[in-house]
Amino acid sequence: MAETAQGAATQEEKEYSEAQIAVHWKEEEYYPPPEEMAKQANAGDKAILERFAPERFPDCFNDYAEMLTWDKPWDTVLDASDPPFFKWWVGGRLNACTNCVDRHLESRGDRNALIWVPELEDDETQEITYADLHRRVNEFAALLRDFCKVEPQDRVTFHLPMVPELPVSMLACARLGVIHSEVFGGFSGTACGQRMADAKSSILVTMDSYYRSGKLIDHKAKADEAIEAARKDGIEVDKVLVWRRIPGEYHSESEMVQGRDFFIDELLGDYRGQDVEPESMAAEDTLFLMYTSGTTGRPKGAQHTIGGYLAYVTGTSKYYQDIHPDDVYWCFADIGWITGHSYIVYGPLALGTTSVMYEGLPTYPDAGRPWRIAEKLGVDIFHTAPTTIRMLRKVGPDEPEKYDYHFKTMTTVGEPIEPDVWRWYYKVVGKERAAITDTWWMTETGGFLGSTLPGLQPMKPGSCGPACLGIQLVILDEDGNEIPKGTGKAGRICVRNPWPGRMLTVWGQDDRFIDTYYAKYSDQNSKEWGDWPFMCGDGAVQADDGYFRILGRIDDVINVAGHRLGTKELESAAIEVDEIAEAAAVPVVDETRGKIVEMYVSVKPGHEASDEVAQKVSQQIVKDIGAIARPKNVWVVPDMPKTRSGKIMRRVIAGISNFADVGDTSTLANPEVVDEIREQVQSAKREKGEVPQDLSAKEKEEIATYGESSE
Ligand code: WT7
């Protein structure tokens, strides 16, 4: 290549790999913890930082384990003899359900464990005390044990929406030592079936219907798809247990199959009043699987343990969410995601608090709904995602001030939050009285990795904060060298040490577990835990003060409203459509949802581009993955921009879709196609009024480097 100005720039850029992009943000100002909040905080004394200092590892985490009730104490805090399969509190035995339910009965049996708010505002809120929860969990556990004949560590799959039957089902499994695997209710039946097959799970617990946007939608129909998909992957579904959203009524087009499908409310009659002895389980036994996207088609089941996971979410709920038993805590997320498992169900209930669940959309019937719920129920801890905050700010910026509620802490999770949105959350939602914890973590980590202790550490908009207690975070460059703080350079963020919340492995795929999280930086021959840093998959930069800014995923995953969608999964769904030859998924910056998906496809010879083909692609994606993945647009293009080795250059089309710079196209085999696609896509988008506002520097960088790791 000639040494043109552009050539030189490219050369210089190459010195920074994708993960090392320079970051140009300005530093934000600190906000101190609100005084009133700090006075009553669980973590209110700086001594806690000493107790969790690196030299106290691993025993420091006993602080969390001691929050639980054990049937038998452990012999070994951490067994690190077989990295990276670290085991916590080995020899110890416990039951997760006992810890979340039974042990609160004596002191707080008549206090609410759950408050469930249905989507229709006139429908009655359900208050479920710890005593009620105990009864419901025991009855369903008896049914699972005696009717379904499940054994400890069998897998039972749920495909349930945000209803109290979901935590009841989870805790019933936990009581029996059975592994639950909840598939997000919004996912398709096919996605559910594939996950059943992966988990070798032959029992499905679902619901006939649920409310979304004020309408009852058919959910049982997805069970039929799930059974079909599981069968294709070699698993025969034995029983489908169906909760009914409105007791005694059935709202689904799907027929109940004799001998396979059963209404739970009818079966439960036989189990009324039954008590089930909780199974005493080993700490390292499995509590649940949570499937998450990866870069290849096969779903990845994060396998979380009973002792390590439960201790970690309990400890972090106490110190970072600042949960006390008398709080009314509302995590406005779906239990179908890890956030709901850790911070709606297991952490809060282990602490004996009241956890609020809401069935529906944040803006149903209007943008004042969340604040009315908060006012009515006396919510004092509020937890949600930037996508929800952005939406509420957009459609109801003045709503919060109309309602009389008082939050002491508020959480954000799922994506980086823009400082501007953070300030609205702080000022308008929190009324400048609540501490914000920006909690950074992921499905695989069980609980928070980076955040501020709300009563002790000042907040900084846009930064999650320092490493959480006992967590040793480090940013590594491509060669595995530590990038010191304060340099302004980004790299891959990793956890140096084992911690109890980390998943034990990828279900049935130990090699993939090592490949995905350890292969890049670990010395695989070493038996020292220090040689096994866990690679989180995010790019990050650390400021002088030790606070981290998270830049998002480095691998090929598109984060839509806090949900990770695998690029490869989207593309393989598109290619299932007969006419499609090639497909590429790209992220498009969206004001409320963070990112949305756009697809580029080309048709096989002999087929024509048409709206119908585009429609089919969209439908296939919704069928395979779910409505959350529905592409904003499907562009049927004459050809994809490709490198000479035939790889699609996603950053070029991502640039086009976002009206951003497409970067250097000189290495393309077919550079002429770029202008052609740009003309086609951008004129259509102009017509539809889909021209984005100015992108931030960070967004520009993200798009300019999108998909490079697979090029
Ligand atoms: C990815 C994990 C964590 C539960 C919900 C999502 C991004 C998560 C933050 C945050 C910046 C964040 C990361 C991470 N992420 N929280 N506070 N600030 N980014 O779980 O589906 O496993 O996604 O979400 O990119 O890797 P997940």
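Refer to the preceding data block for the structure.
Reading the values: the criteria
Residues numbered from 1 in each chain as written. Predicted model: local features only at pLDDT ≥ 70, side-chain atom pairs only at ≥ 80, totals over all residues. Heavy atoms only, no water. Helix = DSSP H or I, 4+ residues; strand = E, 2+ residues; numbered from the N terminus. Rg over C-alpha atoms; globule rule 2.2 N^0.38 Å. Buried < 20%, exposed > 50% of the residue type's maximum accessible area, 1.4 Å probe, protein only. Contact = heavy atoms within 4.5 Å. Areas by Shrake-Rupley, 256 points an atom, 1.4 Å probe, with all protein chains shown as cover. Pairing = 2+ DSSP bridges. Right-handed = clockwise from strand over helix to strand, strands pointing away. Axes fitted to C-alpha atoms, helices over the stretch in contact; angles between N-to-C directions. Parallel < 35°, antiparallel > 145°, perpendicular 65-115°, else oblique. Left-handed = near helix turned anticlockwise from the far one by under 90°. Nonpolar A, V, L, I, M, F, W, Y, C, P; charged D, E, K, R; others polar. Lys, Arg positive; Asp, Glu negative; His and termini not counted. Salt bridge = Lys/Arg side-chain N within 4 Å of Asp/Glu carboxyl O. Near = heavy atom within 4 Å. Polar contact = N/O pair within 3.5 Å; in protein donor to acceptor, adjacent residues only side chain to side chain. Core = buried A, V, L, I, M, F, W, Y, C linked by side-chain atoms within 4.5 Å.

Trainee: Please clarify how the overall build of the chain should be interpreted in this entry.
Mentor: The secondary structure content of the chain amounts to 21 helices and 30 strands. For a compact globule of 711 residues, the expected C-alpha radius of gyration is about 27 Å, and the chain comes in at 25 Å, within 12% of that figure. Scored against the burial criterion, the 711 residues of the chain give a buried share of 63%. Long-range contacts, defined here as pairs at least 24 residues apart, represent 73% of the contacts in the chain between residues at least 6 apart. By element, 46% of the accessible surface of the chain is carried by carbon and sulfur atoms, the whole surface being about 26900 Å².

Trainee: Help me understand the pairing of strand β29 (residues 594–603) in this model?
Mentor: Residues in a regular strand point their side chains to alternate faces of the sheet. With 10 of 10 residues buried, β29 is to be regarded as a mostly interior element. With 10 bridges joining them, strand β28 (residues 580–590) and β29 adopt antiparallel strand pairing. Residue pairing for β29: Val588 is matched across the bridge by Ile596. Pairing geometry for β29 and strand β30 (residues 633–636), over four bridges, is parallel. Counted as the bridge partner of Glu598 is Asn633 from β30. The β-α-β motif built from β29, the intervening helix α18 (residues 611–624) and the parallel element β30 has right-handed crossover chirality.

Trainee: Please clarify how the packing of helix α5 (residues 96–108) against helix α12 (residues 338–350) should be interpreted in this entry.
Mentor: Pairs of packed helices are described in terms of their axes, by the angle between the two and the distance that separates them. The N-to-C vectors of α5 and α12 enclose an angle of 55 degrees; their axes lie 8 Å apart at closest approach. The orientation of α5 with respect to α12, classified from their angle, is oblique. In the packing of α5 onto α12, the handedness of the crossing is left-handed. On the side of α5, the interface is formed by Ala96, Asn99, Cys100, Arg103 and His104, while α12 contributes Tyr346, Leu349 and Ala350. Each residue belonging to the contact of α5 with α12 can be placed in one class, and the counts come to five nonpolar, two polar and one charged.

Trainee: Explain the side chain of Glu119 to me, please; I cannot follow it from the model alone.
Mentor: Here Glu119 shows up in the loop between β4 (112–117) and β5 (126–129). It turns out Glu119 is buried and unbridged, and the closest side chain with the opposite charge, Arg212, is 4.3 Å from it. Residue contacts for Glu119: discarding those within four places in its chain leaves Tyr211, Arg212, Ser213, Gly214, Tyr358, Glu359, Gly360, Leu361, Tyr364 and Arg369.

Trainee: I tried to follow the sheet that holds strand β22 (residues 491–495) on my own but got confused; where do I start?
Mentor: Working definition: the strands of a sheet are paired by backbone hydrogen bonds and lie parallel or antiparallel to each other. Read across the sheet, four strands follow the order β21-β22-β24-β25 without closing on themselves; strand pairing throughout is antiparallel. At either margin of the open sheet sits one strand with a lone partner, and together these are β21 (473–476) and β25 (548–553). For this sheet, the mean angle separating the axes of adjacent strands, direction not counted, is 45 degrees. Alignment of β21 against β22, held across four bridges, turns out to be antiparallel. Of the residues in β22, the one forming a bridge with Ile475 is Ile493.

Trainee: When you look at the site of the ligand in this model, what are you seeing that I'm missing?
Mentor: Taken together, the neighbourhood of the ligand is formed by 18 residues, with Asp438, Thr443, Asp538, Arg553 and Arg564 sitting nearest. Glu415 is positioned such that a nitrogen or oxygen atom in its backbone is 3.3 Å from a nitrogen atom of the ligand. With respect to the ligand, the side chain of Asp438 contributes an N or O atom lying 2.7 Å from a nitrogen atom. Protein contacts shield 96% of the accessible area of the ligand, which totals 550 Å² for the unbound molecule. For the shell around the ligand, the elements supplying multiple residues, two or more each, are α12, β20 (435–439) and β25.

Trainee: What exactly am I supposed to notice about the pattern of salt bridges here?
Mentor: Two side chains with opposite charge may pair up if their charged atoms get near one another. Overall, the coordinates contain 41 salt bridges when judged by the stated rule. A salt bridge links Glu582 to Lys642, with the nearest nitrogen and oxygen atoms 2.9 Å apart. On the criterion of sequence distance, the pair formed by Glu582 in strand β28 and Lys642 in the loop between β30 and α19 (650–657) is long-range, its members being 60 residues apart.

Trainee: Which parts of the structure should I look at to understand the nonpolar core?
Mentor: Proteins that are soluble and globular tend to have nonpolar side chains buried together. Phe61, Trp89, Leu133, Phe140, Leu241 and Tyr346 are the most contacted members of the largest nonpolar core, which has 121 residues in total. Among residues more than four places away in sequence, those in contact with Phe140 are Val168, Ser169, Ala172, Val205, Leu241, Trp243, Ile264 and Leu268. Among the nonpolar cores identified, the runner-up in size contains 65 residues, and Ile227, Met599, Val617 and Val636 belong to it.

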